[in-house]
Amino acid sequence: MKSGPMIRGRLAPSPTGAQHVGNARTYLAAWLSSRAQGGEVVLRIEDIDSPRIKVGATSLALEDLSWLGLDWDGEMVVQSKRLNHYRQALDFLLERELAYPCTCTRSEVQQLASAPHEDLGELVYPGTCSGRKSSSLKELVGKPHCLRFRTPRTPMTFNDGFHNWVTLNPGEAGGDFAIWRASPGPESLSEMPAYQLAVVVDDASQGVTEVIRGEDLIPSTPRQILLYQNLNLQVPAFTHIPLVVGPDGRRLAKRHGDTRLHSLRDKGVKAEALLGLLAWSCGWLEKPAPVQAKDLIPVFKIQSIPREPFVLRQKHLEDLGYSL
Ligand code: GLU
Ligand code: ZN
């Protein structure tokens, strides 16, 4: 165990659906990394993506984590109860003209956007509304708009705990990104912070020092670093690990069959058996033999994780006594 400043990691499930085998692998790595350094782990429920939130998904996620043996320290934090904090951060950015209101519709953005950055598959906001001052918000009462962060068009480099140095130009990867989502309501600002803002405000206020998450979030990291810097907050260390994919190479999803953790549980799969498979897929065990999460603490090593995504095959699940 290393000594030094306290490490604090986090688990941040989104209750937009049930947690699946891919989520479990990421949570396991995040939890192990912190525990292996004698650190803490905090839990946050990311439930502000309101139209996509599923009733009951939060309690299922908590059961999934307990089943996996991934515990957390302190009270769990729920984003929907923290709207005033996001609002304060937004006001701070607006006062400094670091954000501006955008009234573009999705199809307007699509028409004007330059070709998306090949790897990122995301449209680049063309900057149509960037001439607006934040004070123009007053005039937009009743008109749907979002708020965008003025994003520099310069490459940024961060030190990733798995990939080492990652360089990305957030101006090319999406451009001025939304920090507050479109507000259809009559008020000038309905309470809809966007993921990028909420995650930064929360990781900072929960004292998170290391963020370990899926590689799909790499394009978000330069944006989040910009928000940390402009909100005068301490930037955590970032580590992005490869995802679990189906045999077709695409990110694990419904089309690959039912890999939801509660379904595995209901069919009698033992958490230890799944943990063994995941630990083997990460290079921490030579064979996928049953194991408890805490017994992996001494063998955890982020760099043992293969560079390629883990291809979850039917056979892997059958070996757990589960059929897709
Ligand atoms: N809540 C996000 C998810 O479940 C994770 C966001 C993050 O790790 O920053 O995909
Ligand atoms: Zn616009």
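An account of the accompanying structure is given in this report.

Cut-offs used in this document
Residues numbered from 1 in each chain as written. Chains lettered and ligands numbered in written order. Predicted model: local features only at pLDDT ≥ 70, side-chain atom pairs only at ≥ 80, totals over all residues. Heavy atoms only, no water. Helix = DSSP H or I, 4+ residues; strand = E, 2+ residues; numbered from the N terminus. Expected span 1.5 Å × (residues − 1). Buried < 20%, exposed > 50% of the residue type's maximum accessible area, 1.4 Å probe, protein only. Arc of directions from axis to C-beta. Contact = heavy atoms within 4.5 Å. Near = heavy atom within 4 Å. Polar contact = N/O pair within 3.5 Å; in protein donor to acceptor, adjacent residues only side chain to side chain. Areas by Shrake-Rupley, 256 points an atom, 1.4 Å probe, with all protein chains shown as cover. Nonpolar A, V, L, I, M, F, W, Y, C, P; charged D, E, K, R; others polar. Core = buried A, V, L, I, M, F, W, Y, C linked by side-chain atoms within 4.5 Å. Pairing = 2+ DSSP bridges. Axes fitted to C-alpha atoms, helices over the stretch in contact; angles between N-to-C directions. Parallel < 35°, antiparallel > 145°, perpendicular 65-115°, else oblique. Left-handed = near helix turned anticlockwise from the far one by under 90°. Salt bridge = Lys/Arg side-chain N within 4 Å of Asp/Glu carboxyl O.

1. Topic: helix H3 (residues 83–95)
Step number 1: Taking 1.5 Å per residue as the helical rise, H3 with its 13 residues ought to reach 18 Å, and the 18 Å between its terminal C-alpha atoms agrees with that figure.
Step number 2: By the burial criterion, the buried members of H3 are Tyr86, Ala89, Leu90, Leu93 and Leu94. Buried positions in H3, seen along its axis, are confined to an arc of 140° and lie on one side of it. Exposed residues on H3 whose side chains face more than 90 degrees from its buried face are Gln88 and Glu95.
Step number 3: Considering only its buried residues, H3 is in contact with strand E4 (99–102), strand E5 (146–149), strand E8 (178–180), helix H5 (195–205) and helix H6 (220–230).
Step number 4: Backbone geometry just after H3 places Glu97 at a positive phi near 55°.

2. Side note on the site of ligand 1
Step number 1: Around ligand 1 sit Arg10, Ala12, Ser14, Glu46, Tyr195, Val199, Arg213 and Leu217, and that is every residue in its neighbourhood.
Step number 2: Within the backbone of Ala12, an N or O atom sits 2.7 Å from a nitrogen atom of ligand 1.
Step number 3: Contacts to ligand 1 include Tyr195, whose side-chain N or O atom sits 2.7 Å from an oxygen atom.
Step number 4: Calculation on ligand 1 without its partners gives an accessible area of 300 Å², and the protein chains cover 78% of this total.
Step number 5: A per-class count over the shell around ligand 1 returns four nonpolar, one polar and three charged.

3. Structural notes on the nonpolar core
Step number 1: Core analysis: the largest hydrophobic core is formed by 41 residues, its most contacted members being Leu28, Leu274 and Trp284.
Step number 2: A per-element tally of this core places helix H1 (residues 21–36) first, with eight residues.
Step number 3: Sequence-distant contacts of Trp284, defined by excluding residues within four places in its chain, comprise Leu28, Ala29, Leu32, Ala279, Val299, Phe300, Lys301, Ser304 and Ile305.
Step number 4: Phe158, Val166, Met192 and Phe238 belong to the second largest nonpolar core, which has 34 residues in total.

4. With respect to the sheet that holds strand E3 (residues 77–78)
Step number 1: Reading across the sheet, the three strands line up as E1-E2-E3 and stay open at both edges, with parallel pairing between neighbours. With one partner strand each, in any of the chains shown, strand E1 (8–11) and E3 form the two edges of the open sheet.
Step number 2: Bridging between E1 and strand E2 (residues 40–45) involves four bridges; their strand directions are parallel. Its bridge partner lying in E2, Arg10 is registered against Val42.

5. A closer look at the packing of H1 against helix H8 (residues 271–281)
Step number 1: Between H1 and H8, whose axes approach to 10 Å, the crossing angle comes to 70°. When the axes of H1 and H8 are compared, the pair comes out roughly perpendicular. Classified by chirality, the crossing of H8 by H1 is right-handed. Residues Val21, Ala24, Arg25 and Leu28 of H1 form the contact with H8, whose own contacting residues are Leu274, Leu275, Leu278 and Ser281.
Step number 2: Taken together, the residues that form the contact of H1 with H8 break down as six nonpolar, one polar and one charged.

6. Digging into the pattern of salt bridges
A pair can form between side chains of opposite charge whenever their charged atoms are brought close.
Step number 1: Here the structure, examined in full by the defined rule, presents 16 salt bridges.
Step number 2: Salt-bridge contacts for Arg35 lead to Asp71; the nearest nitrogen and oxygen are separated by 3.0 Å. Of this pair, Arg35 sits in helix H1 while Asp71 sits in the loop between helix H2 (57–68) and E3, placing them 36 residues apart in sequence.
Step number 3: Using a relative accessible area of 41% as the deciding quantity, one classes Asp71 as partly exposed.
Step number 4: Close ionic contact of Glu95 with Arg96 constitutes a salt bridge, the shortest N to O distance being 3.6 Å.
Step number 5: Arg96 sits in the partly exposed class, given a relative accessible area of 42%.
Step number 6: Three or more residues joined by partner-sharing salt bridges are found here, namely Arg10, Arg44, Glu46, Arg82, Asp202 and Asp203.

7. Brief notes about the pairing of E5
Step number 1: Side-chain alternation along E5 places Cys146 and Arg148 on one buried face and Leu147 and Phe149 on a second face that is also buried.
Step number 2: Bridging between E4 and E5 involves four bridges; their strand directions are antiparallel. Bridging across to E5, Cys102 finds its partner in Cys146.
Step number 3: Summarising the sheet, E5 and E8 pair through two bridges and their orientation is antiparallel. The residue of E8 that forms the bridge with Arg148 is Ala178.

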